[in-house]
Structure formats: structure tokens, C-alpha cells
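Geometric and topological summary
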Amino acid sequence: MTDNAKEGYVQTDRQQGIATITFFHPAANTLPAGLLTALTQALHDVAADSTVKVVVIQSAGEGAFCSGASFNELQSISTPSDGKAFFSGFAHVINAMRACPHLIIVRVQGKSVGGGLGIIAAADYAIAKEGADIKLSELTIGIGPFVVGPAIERKIGAAFYQLAIDAAQWRTAAWALQKGLFAEVHPDAESLNSAVERLSNSLSASNPEAMLAIKKMSWHGTEHWNELLTERAAISGRLVLSRFTQEALIRFRRKK
């Protein structure tokens, strides 16, 4: 956990077999490199903790769940290797979720963009609130959802390409529920929290061996993702240096 809330933080709370990982950044829960590293480490830590039975990932606040990559950091990338390293941060988070031996629930209280959808898709069970709309906006700035794509496509199939191609269009939580990205959608924060509490408590009392077997079956065929997502990070790392993307990032910052 970082000490300065202005720079964001990742913190883990463990109670009765449930590890709750919370991330926060004041810029709509964006994920700069430091938070991606901290989130990956938190996942590794709970994966190695034999007292943990189930993991809940959530973001702080009542606004956006996650607004994806830090645009400030995207604009500061100056070499393909730097770009690959930055986008590999999302690859490391997804692979840590995939390799974690515990089932992972994600609590989605608000809108999600880009990398936020990768976290949702890499969870084993996503519970959302109405208004938790989603968008893959990468193509609008000249890159693409290459790193998070395999996780999202695994979860919702060809609908991933609808998100990737029509990159300016928001999809509703109801749409995400219909496509299978969300397992449940609730009308308000109270019912959202009750649903997360109910399922996490139920899983914390379940057989860890059986849950691990379910997880392994669910993720079968993804054993090559360490290499695949690193390759995808290199594609994004190259494209972010294109003239199109650099100009798009400048326009975005001017609008802020």
C-alpha cells in the first residue's frame, strides 16, 4: 500500500478466509504503473496465503470502477521497450488473477474503461451495479485492447470485437450481463454489497480443493498467456508511439 492517497493505493484486508483487495486512484481509479505493480504483488501475496479461501477485488469510492491506463503515463512513453513495460503491467495483473489458486470475485460499482474490463473479465465471478457501463476506448486513440483482449474474448466471445471496433460507444451493465461479462447486476450499492458478501461467505466455507478444480477447468487452455500477453504488450507499446496516438493524447489532455 502506498502512503500517499494522492498517488493512489492498493490495500488488502483478510477476514475469515476472505481477502479483499482494494485499489484507488484519485483520477477515476486509473491504473498507473505503480498501482499495477502493487495490485500484481497483492494478488501474488494472497495466492501464497493458505488461510485465504476466496478473493474479492474492488475499487474505492462510488464513482468509476476503473478508467484504465494512465493517460499521463501513456504520453510519457518514449521508446517501444518503455511502452511494452507499461502495458505489461496489465498483463501481469491478468496473469496473476489467472494463476491465483483461489476463486476471485470482482465488485463493480461504476463505469469501466479499457484495462478495467480486463480485470473484470479475468475475475471468476463479476457482480455489478446498474450504471456500471463499459467501454473499450483504445482504438479511439490509435491503439487497441490487445493485452486485455484474450481475457475479455474468453468471457464474452465475439462480443469482444463489438467493443473493440465501436470503441466510442458505451455499453450498459445490462448488455454486459447478457453477454456474460457480469454474472449479476444489482439496482443499488446496498444490494451489490449484500451479493458480494453472500457469495464470498459461501465460498469461504466451501472445499478449497473443489474450488481449485473448478478454476483450473475454467482457465484450461490459457497456459500460454504469460508469453501471449507479453507479445500483446509489445504491440501496444509500439503503437502508442505512433503520430496518431501522440496527437490523440494531446487532444485528450487539452479537453481536461
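Criteria and thresholds
- Residues numbered from 1 in each chain as written.
- Predicted model: local features only at pLDDT ≥ 70, side-chain atom pairs only at ≥ 80, totals over all residues.
- Heavy atoms only, no water.
- Buried < 20%, exposed > 50% of the residue type's maximum accessible area, 1.4 Å probe, protein only.
- Helix = DSSP H or I, 4+ residues; strand = E, 2+ residues; numbered from the N terminus.
- 1 Å grid on protein atoms, 1.4 Å probe; cavity = no way out; pocket = protein on both sides within 12 Å on 5 of 7 lines; lining within 4 Å.
- Points joined across faces, edges and corners; volume = space filled by probe spheres on them.
- Nonpolar A, V, L, I, M, F, W, Y, C, P; charged D, E, K, R; others polar.
- Pairing = 2+ DSSP bridges.
- Axes fitted to C-alpha atoms, helices over the stretch in contact; angles between N-to-C directions.
- Phe/Tyr/Trp six-rings, centres within 6.5 Å; stacked < 30°, edge-to-face > 60°.
- Lys NZ or Arg CZ within 6 Å of the ring centre and 35° of its normal.

1. Here's the deal with helix H4 (residues 115-122)
Within H4, 8 of the 8 residues are buried, leaving the element largely enclosed by the surrounding structure. Looking at H4, one finds that the buried residues are Gly115, Gly116, Leu117, Gly118, Ile119, Ile120, Ala121 and Ala122.

2. Here's the deal with empty space enclosed by the protein
To find leftover empty space, a probe the size of one water molecule is rolled over the atoms. Taken as a whole and assessed by the stated rule, the structure comprises 1 cavity of 30 Å³ or more. Of the volumes computed, that of the largest cavity is approximately 30 Å³. Mapped by element, the contributors of at least two residues to the lining of the largest cavity are helix H3 (80-99) and H4. When grouped by side-chain class, the residues that make up the lining of the largest cavity number 6 nonpolar, 2 polar and no charged.

3. Digging into the sheet that holds strand S3 (residues 54-59)
Pairing is mixed in the open sheet, where 6 strands are placed in the order S1-S2-S3-S4-S6-S8. Looking at strand neighbours, the two that pair on one side only are strand S1 (9-15) and strand S8 (184-186), the edges of this open sheet. Here the average twist between neighbouring strands, direction ignored, is 20°.

4. Thoughts on the packing of aromatic side chains
Taken as a whole and assessed by the stated rule, the structure comprises 6 aromatic pairs. Here the aromatic residues Phe86, Phe87 and Phe90 are joined through ring pairs into a cluster of three or more. Here Lys111 stacks its cationic end above the ring of Trp170, 4.7 Å away from the centre of that ring. One residue, Arg154, lies across the ring of Trp219, its end atom 3.6 Å from the ring centre.

5. Some details on the pairing of strand S6 (residues 125-129)
Taken across its 5 residues, S6 has 4 buried, putting it largely inside the fold. The pairing of strand S4 (residues 103-108) with S6 spans 4 bridges and is classified as parallel. Considered in S6, the bridge of Val106 is made with Ala126. Pairing of S6 with S8 involves 3 bridges; the strand directions are parallel. Considered in S8, the bridge of Lys129 is made with His186.

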